[in-house]
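# Overview (structure and organization)
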There are 2 protein chains.
Amino acid sequence: MNSEFDLIRRYFTRPIHRAVLGIGDDAALIACDPGMDLAISTDTLVADRHFFTDTDPGKLGHKALAVNLSDMAAMGATPRWVTLALTLPVDRIQSQPDWLEAFMRGFFSLANAYQVELIGGDTTRGPLNIGVQIIGEVAKGKALRRSTALPGDDIWVSGQLGDAAMALAHLQRRIELDPAELAACLPALLTPTARVELGQQLIDLARSAIDISDGLLADLGHILECSHTAATVYLAKIPCSTVVKKHMATALAVDCLLAGGDDYELCFTAPESKRVEIMQLAQQLAIPLSCIGEITEGEGLRVLDSNGNALTYEKKGYDHFLT
Amino acid sequence: MNSEFDLIRRYFTRPIHRAVLGIGDDAALIACDPGMDLAISTDTLVADRHFFTDTDPGKLGHKALAVNLSDMAAMGATPRWVTLALTLPVDRIQSQPDWLEAFMRGFFSLANAYQVELIGGDTTRGPLNIGVQIIGEVAKGKALRRSTALPGDDIWVSGQLGDAAMALAHLQRRIELDPAELAACLPALLTPTARVELGQQLIDLARSAIDISDGLLADLGHILECSHTAATVYLAKIPCSTVVKKHMATALAVDCLLAGGDDYELCFTAPESKRVEIMQLAQQLAIPLSCIGEITEGEGLRVLDSNGNALTYEKKGYDHFLT
């Protein structure tokens, strides 16, 4: 059987270019660029909570990094370095020796695409738990925050919402999608794309930003709370796939769209004066950007249907301790 | 029941002084000091693996941070910021509402003592898993590494080794300590002290350093491997408590001393010319520093008993995947 250090050498250690010192000492070392702030975040995936234990390990490796890249995107930061704290059941190593290799292949494939370096970590035995810590760079004072939305700002969303939650609902037998619909929705759940470049390009356009991991209402709600503002959102303007559209008569699809979570799209606010530049950016990056409402004075988040009636809505999003 | 965000507000959010932005956004922000390198490390504690599930939560909070401070100490870095990725069983929150409060009290009490700021984290539901990520500062190019020991260096160890392992052996009923012995050994296991100030003071004295978390032989072994050197260590010179000394006739006590782990003392190498300064430092910090052997050419680690005979020794230390 492999020792912890064999595992580290074999699966985790790769050449380091940007860090001063990578894996193999008591800590990694990175040099500071005085023109930059560092953005630091951590996100954990727990078996049976964030993923099914039989999830394809390569896709899981991708997703574990993607959800952290998404936090960098939401700050407008360029992701640079990650550490990985992996708690692994022994049987996962013993009876499925390829599991870790496939997991790390998925992880490194995405890391390489963004030139993100794995500079450290920890491997322990226990119930499967995947902790990623990410560090990015952003020009000093320029990071996109949640607390800086202003009344009058447009509210924008990237991509389409709800697909990941629809796929999850199907896997949990809460809805039945046909095979083509499932195939269309599954990638959003299994291999989400973090909007890293979009976040960077929004630095001088957006006033505030967050990534949508817990659902639109919950995450936009964080912007409102942190910015001490309110918002009106138009249901019909929220971008979604034809699959979500087709099921929109069901409460579940509306739920997936507004509160499903796992979207990893960006929700940001920007002054009206930036509309043209934002539309140009959408074209340039080939990422749909939709204006779904506006920030207002006061507090609360109103969602209006196509008749202008406010939806009454209890569940705001995914909460790890309430759901 | 508390929501995730109630938990964060109540237990995790404290005023931030040194970071640009703390808990509450997609990432924390820290400013870079161009004269510094940043040291980054992560260490996870898993229930039933690194601690008994009924361990006093305040002590556990202390230890979760202490083992990470110890990594900073081993680099000579000043710990500055931490993030905390906490996976909690729901019953721990529901039936033991004071658990998290006590845990965080232990955590913050140690953090405050070192002026370390909690700037982010993640709270999820699942089998108890405590992931801490730590970031420290160290003068550019000055960090203590494992790879820089040279033949002729003295090998030093701080404090005393083996007490934590003796206490664990007692709790696991592999040895029976009398109450006074247990009381003497338990603090090393439950509330270890990281040698943070010692690490910083060793920057211009030591040639290489590591913290002893997996046992002396394993961790000194890492220095030898990384530095492509060998070593001779004298068993009688390895510092230990009267409890370990009393039991030294048993294989278990020798095991605890050489390979027990959980010591969180520093093992470092330094040229002979630094002996006086190191002894002065020991006095100044009131921390015992013992010279236990020397680095030699070649490879391998010899432990000599008081008759000059080499111990044959199979188990080198704690390995999360072999033990």
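This one's a predicted model, so the numbers in the text were calculated from it and none came from an experiment.

About the criteria used
- Residues numbered from 1 in each chain as written.
- Chains lettered and ligands numbered in written order.
- Predicted model: local features only at pLDDT ≥ 70, side-chain atom pairs only at ≥ 80, totals over all residues.
- Heavy atoms only, no water.
- Salt bridge = Lys/Arg side-chain N within 4 Å of Asp/Glu carboxyl O.
- Helix = DSSP H or I, 4+ residues; strand = E, 2+ residues; numbered from the N terminus.
- Domains from an automatic or database assignment.
- Buried area = accessible area lost by both parts, 1.4 Å probe.
- Polar contact = N/O pair within 3.5 Å; in protein donor to acceptor, adjacent residues only side chain to side chain.
- UniProt positions renumbered as here; feature names shortened; annotations may be inferred.
- Contact = heavy atoms within 4.5 Å.
- Buried < 20%, exposed > 50% of the residue type's maximum accessible area, 1.4 Å probe, protein only.

### Focus on the pattern of salt bridges
Under the counting rule described, the total for this entry stands at 24 salt bridges over all chains. Residue Asp-178 of chain A is joined to Lys-246 of chain A by a salt bridge in which the shortest nitrogen-to-oxygen separation is 3.9 Å. Here Asp-178 of chain A is found in the loop between α5 (163–171) and α6 (179–190), whereas its partner Lys-246 of chain A is found in helix α9 (residues 242–246), with 68 residues between them in sequence. Put simply, Asp-25 and Asp-26 of chain A together with Arg-146 of chain B are held in one network by salt bridges that share partners.

### So, the domain arrangement of chain A
All names here are of chain A. When its domains are assigned, chain A resolves into domain 1 (4–139) and domain 2 (153–304). Each partner contributes to the roughly 1500 Å² buried at the junction of domain 1 and domain 2, and carbon and sulfur atoms together form 66% of this total. Considering only the surface of domain 1 that becomes buried against domain 2, Phe-52, Lys-63 and Ala-73 emerge as the three largest contributors, covering 30% of it. For the interface between domain 1 and domain 2, the tally reads 1 salt bridge. Salt-bridge contacts for Asp-262 lead to Lys-63; the nearest nitrogen and oxygen are separated by 2.9 Å. One can count 6 residue pairs in polar contact (both at pLDDT 80 or more) joining domain 1 with domain 2. Counting residues per element, the ones that place at least two in the side of domain 1 that touches domain 2 are α2 (57–75) and β3 (78–88).

### Some details on the UniProt feature "binding site: Mg(2+) 2" (unreviewed entry) in chain A
Feature annotation in UniProt assigns "binding site: Mg(2+) 2" (unreviewed entry) to the following positions: Asp-43 and Asp-71 of chain A. A stretch of 29 residues holds the annotated residues, and the largest C-alpha distance among them is 8.8 Å, short enough that they meet in one place. With near-sequence residues (within four places) excluded, Asp-43 of chain A lies in contact with Val-67, Asn-68, Asp-71, Ile-130, Gly-131 and Val-132 of chain A together with Asp-122 of chain B. With respect to the secondary-structure elements, Asp-71 of chain A resides in helix α2. The exposure class of Asp-71 of chain A is buried, given its relative accessible area of 7%. A distance of 3.3 Å separates a polar atom in the side chain of Asp-71 of chain A from a polar atom in the side chain of Ser-41 of chain A.

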